[in-house]
Structures are given as C-alpha cells and as structure tokens.
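# Fold and geometry: a report
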Amino acid sequence: MSREGTGNREKRRARPATAFYMETLMLAAVFVTVILVLVRVFALSGQMSGRARVLTCAVHLAENAAEAAAAAQSPEALREILEENGNVRWEENGEEGLLCAWYADDMSPAPEGDFRVDVTWTSEESAVGGLHRSTITVYWAEEAVYTLKTARWQEVTP
C-alpha cells in the first residue's frame, strides 16, 4: 500500500510542474509573436517614412521650378534662374523645350544628384500677349515621383 500511495504523490507533484512549463512555453511563444509583429511594423514605418521624404522633396522641387517658370520671361531666363554649379541642361524638341535640372538629396543643386526636375516650356503667342505652359516632372532614381502643370499669361507691353 505504501508504494501506491507514493506513486500518487509523485504524479500529483509532476502535474503542477508540467502545467507551469506549458504556461511558460505558451507565454514565450506569445512574446516572440508580439516581438515579430512589432519588428515588421517598425520596418514598414521606416519604408513609408523614406517614401514620404522623397515625395516631400519632390513637391518642394516642383514648386520651386513652377515659381521660376512663372518669373521667367523665356526659356533662357528660366535656365538662368535654376542653374547653379552646372546642374541644368537644355534640350530643344521642335517647338517644345526641355530643361533638366539635378538636385542632391538635401535639395541643393548638384550636377550628379538623385533628383531630376524636367521642365517643358511651350509658348502660344498672339497680338495681345502669350500663354506660356510648363509641365514639371520630378524624378528620383529615374522614377517619376511628382508632376505639376502650370501656365502663365504674359501681356504684350506697348
């Protein structure tokens, strides 16, 4: 009888210890799962932050180019306004012209920058004035990020 009584006591002692280990294992599994989810969320937020930075820079560069196009009287004047340190190139395409300007990541003019701003210039002249249209496209790593269309009326002064 004493042997059976001893065996029952050992089984009773083993059960609470097994339950403790199972609970600890489940808690560790939940903890690892939460850590993996948080790491993925933080990695995704880092990627989204990088894209947002690129888009913000592209919008600022497009706005600056639009203001320069509004202030310029001609494509040559536009080039003079935007050019710093040899970062601008002008190409003729029939009636349209294409001005390409390069900028670094910090939006400073740089001939070999990561951002490229393309500005097209078209003019429609009449007896009373001229309509100058510009399409501004900002590229980052050869991918179009932002496009802005603008126009300006310039009256003929007698």
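Notes on the structure follow. Every value quoted in this text rests on a predicted model; they were computed, and no experiment measured them. (Residues numbered from 1 in each chain as written. Predicted model: local features only at pLDDT ≥ 70, side-chain atom pairs only at ≥ 80, totals over all residues. Heavy atoms only, no water.)

### Things to note about the overall build of the chain
The secondary structure content of the chain amounts to two helices and five strands. Helices (α) and strands (β) of the chain occur, in sequence order from the N terminus, as α-α-β-β-β-β-β. Here the chain holds 158 residues, and 26% of them are scored as buried. Restricting to contacts in the chain with at least 6 residues of sequence separation, those with at least 24 account for 38%. A total accessible area of about 11,200 Å² is found for the chain, and carbon and sulfur atoms account for 58% of it. (Helix = DSSP H or I, 4+ residues; strand = E, 2+ residues; numbered from the N terminus. Buried < 20%, exposed > 50% of the residue type's maximum accessible area, 1.4 Å probe, protein only. Contact = heavy atoms within 4.5 Å. Areas by Shrake-Rupley, 256 points an atom, 1.4 Å probe, with all protein chains shown as cover.)

### Here we look at the packing of aromatic side chains
Under the counting rule described, the total for this entry stands at one aromatic pair. In this arrangement the basic side chain of R116 is found over the ring face of Y139, its NZ or CZ atom lying 4.1 Å from the centre. (Phe/Tyr/Trp six-rings, centres within 6.5 Å; stacked < 30°, edge-to-face > 60°. Lys NZ or Arg CZ within 6 Å of the ring centre and 35° of its normal.)

### Digging into the pattern of salt bridges
Applying the stated criterion to the full structure yields four salt bridges. Linking E83 and R79 is a salt bridge whose minimum nitrogen-to-oxygen distance equals 3.4 Å. The residue R116 makes a salt bridge to E142 at a minimum N-O spacing of 3.0 Å. With R116 in strand 3 (residues 115–125) and E142 in the loop between strand 4 (129–140) and strand 5 (143–155), this pair connects stretches of sequence that are 26 residues apart. When salt bridges that share partners are traced, they join R116, D118 and E142 into one network. (Salt bridge = Lys/Arg side-chain N within 4 Å of Asp/Glu carboxyl O.)

### As for the pairing of strand 5
Strand direction decides the pairing type here: strand 4 and strand 5, joined by 12 bridges, are antiparallel. Bridged to W140 within strand 5 is E143. Adjacent in sequence and paired antiparallel, strand 4 and strand 5 are bridged by two residues, among which A141 carries a positive phi angle near 55°. (Pairing = 2+ DSSP bridges.)

### Focus: a nonpolar patch on the surface
Together, V30, V34, V37, L38, V41 and F42 make up an exposed nonpolar region whose accessible area comes to about 560 Å². Position of V37 among the secondary structure elements: in helix 1 (residues 2–71). Judged by its relative accessible area of 48%, V37 is partly exposed. (Patch = residues over 30% accessible without salt bridge, like charges linked within 9 Å, V, L, I, M, F, W, Y side chains within 5 Å.)

### Remarks on the environment of R133
Here R133 is to be found in strand 4. Take R133: its relative accessible area is 40%, and that puts it in the partly exposed class. Once the C-alpha coordinates of R133 and W121 are considered, the two residues, 12 residues apart in sequence, prove to be 5.9 Å apart. Those residues in contact with R133 that sit more than four places away from it in its chain are T120, W121, T122, E124, T150 and A151. Within the structure, R133 has its side chain in polar contact with the side chain of E124 (distance 3.4 Å). (Polar contact = N/O pair within 3.5 Å; in protein donor to acceptor, adjacent residues only side chain to side chain.)

### A look at unusual backbone geometry
Look at N85: it is not a glycine, yet its phi comes out positive at around 60°. Looking at where N85 falls in the secondary structure, it is placed in the loop between helix 2 (75–82) and strand 1 (88–93). Among the residues examined, N85 registers a relative accessible area of 64% and is labelled exposed. Unlike most non-glycine residues, M107 shows phi in positive territory, near 70°. Along the chain, M107 falls in the loop between strand 2 (96–103) and strand 3.

### Quick word on the pairing of strand 4
Most of strand 4 sits inside the fold, with nine of its 12 residues counted as buried. Of the pairings in the sheet, the one linking strand 3 to strand 4 comprises 11 bridges and is antiparallel in character. Residue pairing in the sheet places T120 in a bridge with T135 of strand 4. Here strand 3 hands over to strand 4 after three residues, the two strands then running antiparallel side by side.

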